[in-house]
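Spelled out, the chains give:
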Amino acid sequence: MSTNAESAASAPGHFTRRLVLCVLMLNLCILALAGLSIYDSHRHYGDRARIDAQNLTRVFEQSLTGTLEKVELTLLSVEEEFKWELASGSFNAEKMNAFLAYRQAQMPELGGLRVADEAGIVRYGLGVRQDQKIDVSQRPTFQRMKDSPSVAMAIEPPTFSRIDSKWVLPVGRRISRPDGSFGGVVYTAIPLSFFTDSFAGLDIGRAGTVSLRDATTGLLARYPTPREASTPPGNADASPQLRQVIEEGRLEGSFFNTTPIDGIERFTAFRKIPDTPLYIIVGLATTDYLASWRQESAMTGGLVLLFIVVLLALSHLLYRGWHRQTVAVNSLREQREFLHTIVECEPECVKVIGPDGELRQMNRAGLAMLEVDSIEEANRVGTLSFIDAEYREQFSRLNARVLHGDSGRLEYRIRGMKGTLRWLETHASPLRNARGDITSVVAVTRDITERKSANEQIEFLAYHDALTKLPNRLMAKDHMAMAMSYAQRAGAKAALLFLDLDDFKTINDTLGHLLGDDLLKMIAVRLRECINPTDTLSRHGGDEFLVVLSDMRDFDGMIDVAEKISACMKRPYSINGHSLLSSFSIGIAVYPDDGNDFETLLKKAGTALFQAKLAGRDIYRFYAEQMNINAGEDLRIRTHLGHALEFDEFVLHYQPQIDLASGAVIGAEALIRLQHDELGLVPPGRFIPIAEACGLIVPIGAWVIREACRQAVAWRDAGLPGLVIAVNLSSVQFQRGGIEKQVAQALTESGLDPGCLELELTESILIQDTENVLATVARLKALGVKLSIDDFGTGYSSLSYLKRFSVDKLKIDQSFVRNMADNPSDATIVRAIIQIARSLNLKTIAEGVEDERSLKLLNIQRCDEAQGFHFARPMPADEFAAFMAERVANSQLSGVEE
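Since the model is a prediction, treat every value here as computed from it, not as a measurement. (Residues numbered from 1 in each chain as written. Predicted model: local features only at pLDDT ≥ 70, side-chain atom pairs only at ≥ 80, totals over all residues. Heavy atoms only, no water.)

*Asks:* Report on the environment of Pro149, specifying residues and quantitative values.
*Replies:* One can find Pro149 in the loop between helix H3 (140-147) and strand E3 (153-155). For Pro149, a relative accessible area of 56% puts it in the exposed group. Residues Pro149 and Ser176 lie 27 residues apart in sequence; the distance between their C-alpha atoms is 7.8 Å. (Helix = DSSP H or I, 4+ residues; strand = E, 2+ residues; numbered from the N terminus. Buried < 20%, exposed > 50% of the residue type's maximum accessible area, 1.4 Å probe, protein only.)

*Asks:* Residue-level account of empty space enclosed by the protein, with values.
*Replies:* Over the atoms, a rolling probe the size of a water molecule traces out where space has been left empty. The tally for this structure, following the rule as stated, stands at three cavities of 30 Å³ or more. Volume-wise, the largest cavity comes out at about 160 Å³. Taken together, 18 residues make up the lining of the largest cavity; nearest its centre are Ser211, Arg213, Leu242, Thr259 and Ile281. Listing elements by their share of the lining of the largest cavity, those giving two or more residues are strand E7 (209-214), strand E9 (252-258), strand E10 (265-272) and strand E11 (278-285). Of the residues in the lining of the largest cavity, the class split is seven nonpolar, seven polar and four charged. Taken together, 16 residues form the lining of the second largest cavity, with Lys351, Met362, Leu370, Tyr412 and Leu424 sitting closest to its centre. Counting only elements with at least two residues in the lining of the second largest cavity, the list comes to strand E12 (349-353), strand E13 (359-362), helix H9 (364-370) and strand E14 (408-415). Counting residues per element, the lining of the second largest cavity draws most heavily on H9, at three residues. Here the lining of the second largest cavity is composed, by residue class, of 12 nonpolar, three polar and one charged. (1 Å grid on protein atoms, 1.4 Å probe; cavity = no way out; pocket = protein on both sides within 12 Å on 5 of 7 lines; lining within 4 Å. Points joined across faces, edges and corners; volume = space filled by probe spheres on them. Nonpolar A, V, L, I, M, F, W, Y, C, P; charged D, E, K, R; others polar.)

*Asks:* Provide a residue-level description of the sheet that holds strand E19 (residues 544-552), including the pertinent values.
*Replies:* The strand order E18-E19-E17-E22-E23 describes an open sheet built from five strands, whose pairing is mixed. In the strand order of this sheet, the two ends are held by strand E18 (536-541) and strand E23 (620-622), each with one partner. Here the average twist between neighbouring strands, direction ignored, is 20 degrees. Where strand E17 (residues 493-501) lies against strand E22 (residues 584-591), eight bridges are found, and the strand directions are antiparallel. Across the sheet, residue Leu501 finds its bridge partner in E22, namely Phe584. Relative to the sheet, helix H15 (residues 513-528) contacts E17, E18, E19 and E22, its axis offset from that of E18 by approximately 155 degrees. (Pairing = 2+ DSSP bridges. Axes fitted to C-alpha atoms, helices over the stretch in contact; angles between N-to-C directions. Contact = heavy atoms within 4.5 Å.)

*Asks:* Give me a negative patch on the surface: which residues, what numbers.
*Replies:* A grouping of Asp554, Asp556, Asp560 and Glu563 is seen on the molecular surface, where their side chains present a negatively charged patch. With respect to the helices and strands, the residue Glu563 is situated in helix H16 (residues 555-568). Take Glu563: its relative accessible area is 40%, and that puts it in the partly exposed class. (Patch = residues over 30% accessible without salt bridge, like charges linked within 9 Å, V, L, I, M, F, W, Y side chains within 5 Å. Areas by Shrake-Rupley, 256 points an atom, 1.4 Å probe, with all protein chains shown as cover. Salt bridge = Lys/Arg side-chain N within 4 Å of Asp/Glu carboxyl O. Lys, Arg positive; Asp, Glu negative; His and termini not counted. Charge placed at Lys NZ, Arg CZ, Asp CG, Glu CD.)

*Asks:* I'd love a proper account of the side chain of Arg222, names of residues and values included.
*Replies:* Relative to the helices and strands, Arg222 resides in strand E8 (residues 219-223). Taking the relative accessible area as the measure of exposure, Arg222 reaches 8% and is therefore buried. Here the side chain of Arg222 touches Pro224 through a polar contact of 2.9 Å, landing on its backbone oxygen. In this structure Arg222 touches Thr196, Thr209, Val210, Ser211, Thr259, Ile261, Asp262 and Arg266, once residues within four positions along its chain are discounted. (Polar contact = N/O pair within 3.5 Å; in protein donor to acceptor, adjacent residues only side chain to side chain.)

*Asks:* I'd like a description of the pairing of strand E28 (residues 757-762), backed by residues and values.
*Replies:* When you tally the buried positions in E28, you get five out of six residues, the bulk of the element. Bridge count between strand E27 (residues 724-728) and E28: four bridges; the pairing is parallel. Within the sheet, the bridge partner assigned to Asn728 lies in E28 and is Glu760. Inspection of the sheet shows E28 paired to strand E29 (residues 786-792) by five bridges, in the parallel sense. From the neighbouring strand, Leu761 faces E29, where its bridge partner is Ile789.

Structural data, given as structure tokens:
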């Protein structure tokens, strides 16, 4: 009984012990499981934060890389434009600034585009004045790009822009000349606020940060900007861990640290932006990514405590286990959805390809590139079917290489389902499972069609003229080399024709540059019709063209082409209601007669072109050695003109002007001469055109006026009769302005009566910029001087400007006077000029009177005055004084006899 009683009594205790033990064991198991779950959850949230931070660095890297590529493309286009300007040799600030404005408008986020030349002086850019000297030569980046041709684009440390009152990141690109030498720098600036704004696009938590640092760990931009931040961009307040990994040269990674700026613990991921000294750093605060973990841990502890207190702990434990599993599954689903959303929102194609080449995953951007609606449709067609045949084998080799553990990159072209052609760039890497085995290929593909098109356009512009689409000088040089090589093998000749459009400046100035551009394009079309398909037509620049003729057997073929060009230009061009006529002056150099290389032939063709211009234009000339001799003399004369005034090497000769009614000397024309050490006494026809071309005619002309006035007064003081001194004026003197001031100063200094000074104007002066010339002539007339029209009848003779300009005399050109006794046409022209002058109450003077017959005809036609060798040649001032003294003495003697 006792045993049974003990058994009965001990059963509850045993049961209790068992129950307590069971509960205790269950509680211990639950506590252990809860602790393990909390630890595992903590690790899970940490891994999730690390993955999220690394994914965010990739997202921001792609965004900033795209921005920097657009900046580089913009700088590259400006570089190529400036290189074209360097190659053409003509710098058009307005055109360059317009091009910079256009590129600026395409990327408004940039802080401005500037172009500095090889000396570091900013020449072009919005807001850059031509008289403003901005020197960037001392900037480290400028020096680095100048000294290192391999440095194409560089990023400077941040600086404060006084224009926008912002911190900016300067970016520069080296400009290389066609020969590879340094040509300058094109640079711009990216506002640091642009990076800050781009960082604000994704959710990084309440205490998360995104920052941009350079290779020295200097802070460039940070989101959000700390309220306590007072230091400018560029300060190196990075954590020791970040500073260490950057100094070690690591391209990406992650670590746990405390941020020095605000003292917050964060899980930090970093990634270097390729080809730049920039790092993107994303930090996710523990207070953000562990907030859910803390709540979850507290809930688990509460449930465990509730399980211990409540008898139904086991059921509750099962429930909590199921609950925790649900939370974990939802968390994984949310993470997967988050990553899926990022991939789907990515503007570039992200895809996963299996070992068999089948697409397993692809985002919307990839489907759009293939122009399909689903992955199934793409797989039905076949991945390789979209790729051009020439790239399919390369694509297959890339996938095979990646499946063996390598990474790779490939550019290729595809044709979408709708027929659209695209250039793509794919970066592929292996995708591994949890065991580390490679299961498939993950690839990121971007559409580079626009970049390819831009590169093709840049390559086209490098060898073609942008306006006419003709080959430029570089291509002409290459084709000339081929023509010379063929001519050498075939025993033939090649020719280089240098074409210059006559009077094109007048069309530009009067009708505008847009119409001038249209005319050049129409001329280019017509010139193509004048040459064979095997020959080359190129635009040399401005209104100049080059023609390369190959396989020329004789000079007749070259002449035929030149005459064909001249003939086709005789047809008028109709542009915007204007009927325009133009012509070419053509210089021809022949291989191998005139040279064995392009530069020599081009130089000699230019010399021949100059001779064609001098010969009256609308004509062709072959190069001759005498042209080179004349060019050398021109250079010596031009050099001599620079110091001829200083050393008193100019001298005036005077030719008498005779009143035909009385036979008295009434005036003298002052004619300048140059005393050259080697060439002797140089006539004005030899050095005046050179002086006009280089601008020295202005000080030379001023000296002539002063000297002529001084000499007239000296003769008067010596007792000679009062004479009118005639002085020729150049059109350049009128264009530069201030001619009336020079005349007034000469009259004042010499004391000459203004009525004794006659200024001879050419017709070309009076037909250009008429209103300004009319005002200048009016001011000269107000001084009291006389005005005459020189070489009348050879230019654009018009009665209207004779009446408007109130001239006093017409000077009949010697080309009509010299042969008027033998040529009835010249006599008729002279008679018509005299009649015109009389109808307008103007005097006439004939130059070039060389015989008695011409003098008699002039007397019959009632010409007022004359000059020429028949009376006297031009003579120095002392000889002229002796000539006048003899005339006076003879006149007095004749008076006594009478």
